[in-house]
Amino acid sequence: MNKLCRQVSIESPGPGAKNCVFNFFVPIEDTPAMGARIRIVCAGACYRRRDRANSITSMSSVSSELSDYCPSVSSITSSAHREGSFFPGFEVAGVIESLGSEITEANNRGLRIGQRVIVYPFDETPAGYAELLVVPDLKHVVPIPDSLPMEVAAMLPTGALLAWNAVFKAQAVVTQILSQRAETEPKRKPKILIVGTGGLALWAVRIASYHFATTGADNVDITVASLRDEGFRLATEITNVSVVQWNECLYEPQLIERTKDVCGGAVDVVIDFGTTSRSLHRSMHCLSKGGVVLISDEVAEKLLPKFSRLSEQYQQEIIAISNGTAEQLAELVELVANKKIEPPPHSVFPCEQAAEVIAKLCNSEIPGRAILRFHDIE
């Protein structure tokens, strides 16, 4: 009989969900011939998307037969979804426990047993964070330097990488705008609005600040629209970035007018990590004619059909942003390890406290990111 290891599975919370954190014992899989087995040290508190094949009901029936480490989270309505603190993904950092039988010096991609690594999310990622993770191919394994703390590395494979990809898409739009204005309005700066102050938006503003500074510090104006008081404080700590608070107690016209005042007019690009129709509708009213809104592909399938007619009417474009590539992840590792890009605030918790952590995240009680620690090797 195979040995068992602990697995923490986090599902997307919702008003109808009784539980969203499950703790199992699962069999330890053998190391694939061309892959690796990773001992997880830290994992980002992300959830996996719901689907019919892996519903919360089917998971509950399994969990009743297995041991629970943590109390459940009951009846969560997630405000953290709205501002990007809690999002779908798979984020792990750890050490290589074993390599496959067919791995040699010629094909090991410079990897070795005991090496510190993160895992680029692959199609067959498991339903949760097990203490030992089997990776089918070494192309999904990205080495990290000793100088990069595990808890910081664990934030990179989804949150930081998605933000990185959004900023690079924004850069492409900005380049096109500068080219169009070169003759008629050469001194008019492109304006970018980043919506949200959860983990995704805090990564995006840090990456954007670094990226545009390296291409010319004065060629883009960046503003952050904060959706909560704590986020407003975090955003104001970032230099060369303006901040506007989206107080939901105000009427929409007031919020739109306030945003345009802070931005110095309508913006050219919005990176919107909010997940509601209201957030996207507001973003589009802050956007100029011909502007572009970037949203995550998770919410795109829900929101794009609702806003296709409005975007056509306003002559604006809504683009879904997916996670970046493994090559981009390796580049991001180097920049964060060399302190070119500072990580957002984060807190580390024992994995046994996963349920309590998710409850706090969903109530926006944890600033920045939450990281679960499985092992302490540092």
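Every value quoted in this text rests on a predicted model; they were computed, and no experiment measured them. (Residues numbered from 1 in each chain as written. Predicted model: local features only at pLDDT ≥ 70, side-chain atom pairs only at ≥ 80, totals over all residues. Heavy atoms only, no water.)

Engineer: Go over the overall build of the chain, please, and point to the residues and values.
Structural biologist: When you go through the chain residue by residue, the secondary structure sums to eleven helices and 16 strands. By the burial criterion, 55% of the 378 residues in the chain qualify as buried. Residue pairs at least 24 apart in sequence account for 76% of intrachain contacts in the chain once pairs closer than 6 positions are excluded. If you sum the accessible surface of the chain, you get close to 16,600 Å²; carbon and sulfur atoms cover 49% of it. (Helix = DSSP H or I, 4+ residues; strand = E, 2+ residues; numbered from the N terminus. Buried < 20%, exposed > 50% of the residue type's maximum accessible area, 1.4 Å probe, protein only. Contact = heavy atoms within 4.5 Å. Areas by Shrake-Rupley, 256 points an atom, 1.4 Å probe, with all protein chains shown as cover.)

Engineer: Would you mind going over the packing of aromatic side chains in detail, with residue names and values included?
Structural biologist: Under the definition given, this model contains three aromatic pairs. Relative to tyrosine 129, the ring of phenylalanine 90 lies with its centre 5.1 Å away and its plane at 50°, an arrangement referred to as tilted. Taken together, the positions of phenylalanine 90 in the loop between α2 (79-83) and β4 (92-99) and tyrosine 129 in strand β6 (residues 129-130) put the pair 39 residues apart, joining distant regions of the chain. The two residues phenylalanine 90 and tyrosine 129 agree in class, both being buried. The ring of tryptophan 246 is capped by arginine 282, whose NZ or CZ atom sits 4.6 Å from the centre of that ring. (Phe/Tyr/Trp six-rings, centres within 6.5 Å; stacked < 30°, edge-to-face > 60°. Lys NZ or Arg CZ within 6 Å of the ring centre and 35° of its normal.)

Engineer: Report on the pairing of β4, specifying residues and quantitative values.
Structural biologist: Side-chain direction in a regular strand flips from residue to residue, so the side chains alternate between the two faces of the sheet. With six of eight residues buried, β4 lies mostly within the body of the structure. The sheet contact formed by strand β3 (residues 36-44) and β4 spans seven bridges and is antiparallel. Note that in β4 the partner of alanine 36 across the bridge is leucine 99. Of the strand pairs in this sheet, β4 and strand β5 (residues 116-119) are connected by three bridges, and their pairing is antiparallel. Bridged to valine 95 within β5 is arginine 116. (Pairing = 2+ DSSP bridges.)

Engineer: I'd like a description of helix α11 (residues 354-362), backed by residues and values.
Structural biologist: The complete set of buried residues in α11 reads Ala354, Ala355, Val357, Ile358, Leu361 and Cys362. For α11, the angular spread of the buried residues around the axis is 160°, confining them to a single face. Just past α11, the residue serine 364 takes up positive phi, approximately 55°. (Arc of directions from axis to C-beta.)

Engineer: Quick one: what's the story with the sheet that holds β6, residue by residue and with numbers?
Structural biologist: If you trace the three strands from one edge of the open sheet to the other, you get β2-β1-β6, paired in antiparallel fashion. In this open sheet, the two strands that pair with only one neighbour each are β2 (21-27) and β6. Relative to β2, strand β1 (residues 4-10) runs antiparallel, the two being bridged by seven bridges. Directly across from valine 8, in β2, lies its bridge partner asparagine 23.

Engineer: Provide a residue-level description of the environment of cysteine 351, including the pertinent values.
Structural biologist: Position of cysteine 351 relative to the elements: it lies in the loop between β15 (346-350) and α11. Under the relative-accessibility criterion, cysteine 351 is labelled buried at 1%. With 310 residues separating them in the primary sequence, cysteine 351 and valine 41 have C-alpha atoms 9.9 Å apart.

Engineer: Tell me about the pattern of salt bridges, residues and numbers included.
Structural biologist: Side-chain pairing between opposite charges can occur once the charged atoms of the two side chains come close. For the structure shown, the criterion picks out ten salt bridges. Salt-bridge contacts for arginine 369 lead to glutamate 91; the nearest nitrogen and oxygen are separated by 2.8 Å. Note that arginine 369 is positioned in strand β16 (residues 369-373) and glutamate 91 in the loop between α2 and β4, a separation of 278 residues in sequence. When sorted by exposure, arginine 369 lands in the same class as glutamate 91, which is buried. Close ionic contact of arginine 278 with glutamate 252 constitutes a salt bridge, the shortest N to O distance being 2.8 Å. Separated by 26 residues along the polypeptide, arginine 278 in helix α8 (residues 277-285) and glutamate 252 in helix α7 (residues 252-263) bring together distant segments of the chain. (Salt bridge = Lys/Arg side-chain N within 4 Å of Asp/Glu carboxyl O.)

Engineer: Explain the packing of helix α4 (residues 156-181) against helix α5 (residues 199-214) residue by residue, including any values.
Structural biologist: Where α4 meets α5, the closest approach of the two axes is 8 Å, and the angle between their N-to-C directions is 45°. With respect to α5, the axis of α4 lies oblique. For the element pair α4 and α5, the recorded crossing hand is right-handed. Listed contacts from α5 to Leu156, Gly159, Ala160, Leu162, Ala163, Trp164, Val167, Phe168, Gln171 and Val174 of α4 are Leu200, Trp203, Ala204, Ile207, Ala208, His211 and Phe212. (Axes fitted to C-alpha atoms, helices over the stretch in contact; angles between N-to-C directions. Parallel < 35°, antiparallel > 145°, perpendicular 65-115°, else oblique. Left-handed = near helix turned anticlockwise from the far one by under 90°.)

Engineer: Describe α8, naming the residues involved and giving the relevant values.
Structural biologist: Since the α-helix turns once every 3.6 residues, residues separated by three or four places project in the same direction. For α8, the full list of buried residues reads Ser279, Leu280, Arg282, Ser283 and Met284. Where α8 is buried, its residues contact β9 (191-195), α7, β12 (267-272), β13 (287-296), α9 (297-313) and β14 (317-321).

Engineer: Account for the sheet that holds β13, naming residues and giving values.
Structural biologist: Sheet architecture is open: six strands sit in the order β11-β10-β9-β12-β13-β14, paired in parallel fashion. This sheet does not close on itself; its edge strands, each paired only once, are β11 (242-245) and β14. Across the sheet, the mean angle separating the axes of adjacent strands is 20° when strand polarity is ignored. Summarising the sheet, β9 and strand β10 (residues 221-226) pair through five bridges and their orientation is parallel. Counterpart to isoleucine 192 in the pairing with β10 is isoleucine 222. Contacting β9 and β10, α5 crosses the sheet at an angle of about 155° to β9. With respect to the sheet, α9 is in contact with β13 and β14, its orientation differing from that of β13 by roughly 160°.

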